Amino acid sequence: MGYDAEATRRRIFQAATAEFAARGLAGARIDRIATEARANKQAIYLYFGGKEKLFGAVVRAKMAEIGNASDIDPDGLADSVGRLFDWYREHPELVRLLLWEALETSGQVQGEAERREEFRRKAARFTEHGGGPTDPDRTRAVQDLMFTVFGLIAWNFAVPQLRRVILDEEDDAATFARRRASVMEAARVLARSHGFG
């Protein structure tokens, strides 16, 4: 059986995702990623160009993954929010990666222009819903709504210790179901206050 470059890339990527989510960019070690991926360090540099580029590739891929997994449906905002909540619960590494990115990168992050364009497309779909002309104020209202709703969802997973302390509850299915319903209802209220729904 010959060398499978694509399988090696996937193993490196999976190992890097776990390493960066746990330790951030500064704390991550290429040696640990290589060991976990059953690859050599040279393969990491060959395929990804170094630790910083690998970190950027991991964050971009996780952002694309959530973008592909769920979209915000203007006709079913609360249901869309519920699906996003579920995705974040199953993939808490994205929140950790974004927090590390905010803490450890300065200036423009890798792939920022592409991410911005993706969110513009999402906002445009929401803004254009219902027909009629759009204006900058409506676009800004959609962008504000999206950012706020993403924050409502992600905060549940960004600071689990604070969630447990404030809510005085353990991390069990009932707590997550209640939090999910609460975030969905908050999204409904926010959408109405922004003139949607």
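Here the structure is a predicted model, which means the values were calculated and not measured. (Residues numbered from 1 in each chain as written. Predicted model: local features only at pLDDT ≥ 70, side-chain atom pairs only at ≥ 80, totals over all residues. Heavy atoms only, no water.)

### Some points on unusual backbone geometry
As a rule of thumb, non-glycine residues mostly have phi less than zero, and peptide bonds are mostly trans rather than cis.
Argument step 1. A positive phi angle, near 55°, is found at arginine 38, a position not held by glycine.
Argument step 2. Tracing the sequence through the fold places arginine 38 in the loop between helix H2 (30-37) and helix H3 (41-48).
Argument step 3. Of note, the phi angle at aspartate 168 is positive, near 55°, even though the residue is not glycine.
Argument step 4. As for its position among the elements, aspartate 168 is in the loop between helix H9 (160-167) and helix H10 (173-193). (Helix = DSSP H or I, 4+ residues; strand = E, 2+ residues; numbered from the N terminus.)

### Here we look at the side chain of lysine 51
Argument step 1. Position of lysine 51 among the secondary structure elements: in helix H4 (residues 51-69).
Argument step 2. Despite being buried, lysine 51 has no salt bridge partner; glutamate 52 is the closest side chain of opposite charge, sitting 5.6 Å away. (Buried < 20%, exposed > 50% of the residue type's maximum accessible area, 1.4 Å probe, protein only. Lys, Arg positive; Asp, Glu negative; His and termini not counted. Salt bridge = Lys/Arg side-chain N within 4 Å of Asp/Glu carboxyl O.)

### Here's the deal with H10
Residues separated by three or four positions in an α-helix point in the same direction, a consequence of the helix having 3.6 residues per turn.
Argument step 1. The end-to-end C-alpha distance of H10, which contains 21 residues, comes to 30 Å, matching closely the 30 Å that a straight helix rising 1.5 Å per residue would cover.
Argument step 2. Taken as a whole, H10 has its buried residues at Thr175, Phe176, Arg179, Val183, Met184, Ala187 and Ala191. Each buried residue of H10 sits inside an arc of 165° when the element is viewed along its axis, so together they form one side. Looking at H10, the residues exposed on the side facing more than 90 degrees away from the buried face are Ala174 and Ser193.
Argument step 3. The first or second residue beyond H10 is glycine 195, which carries a positive phi of 85°. (Expected span 1.5 Å × (residues − 1). Arc of directions from axis to C-beta.)

### Things to note about the packing of aromatic side chains
Argument step 1. For the structure on display, the rule yields five aromatic pairs.
Argument step 2. Measuring from ring centre to ring centre gives 5.7 Å for phenylalanine 119 and phenylalanine 150, while their planes differ by 75°; the resulting arrangement is edge-to-face. With a gap of 31 residues between them, phenylalanine 119 in helix H7 (residues 112-128) and phenylalanine 150 in helix H8 (residues 136-158) connect regions that are remote in the sequence.
Argument step 3. Classification of phenylalanine 119 by relative accessible area gives partly exposed; the value is 29%.
Argument step 4. Residue classification places phenylalanine 150 among the buried residues on the basis of a relative accessible area of 16%.
Argument step 5. Ring geometry for phenylalanine 157 versus phenylalanine 176: centroids 6.1 Å apart, planes at 10°, classification stacked. In this pair, phenylalanine 157 is assigned in helix H8 and phenylalanine 176 in helix H10, connecting sequence segments 19 residues apart. (Phe/Tyr/Trp six-rings, centres within 6.5 Å; stacked < 30°, edge-to-face > 60°.)

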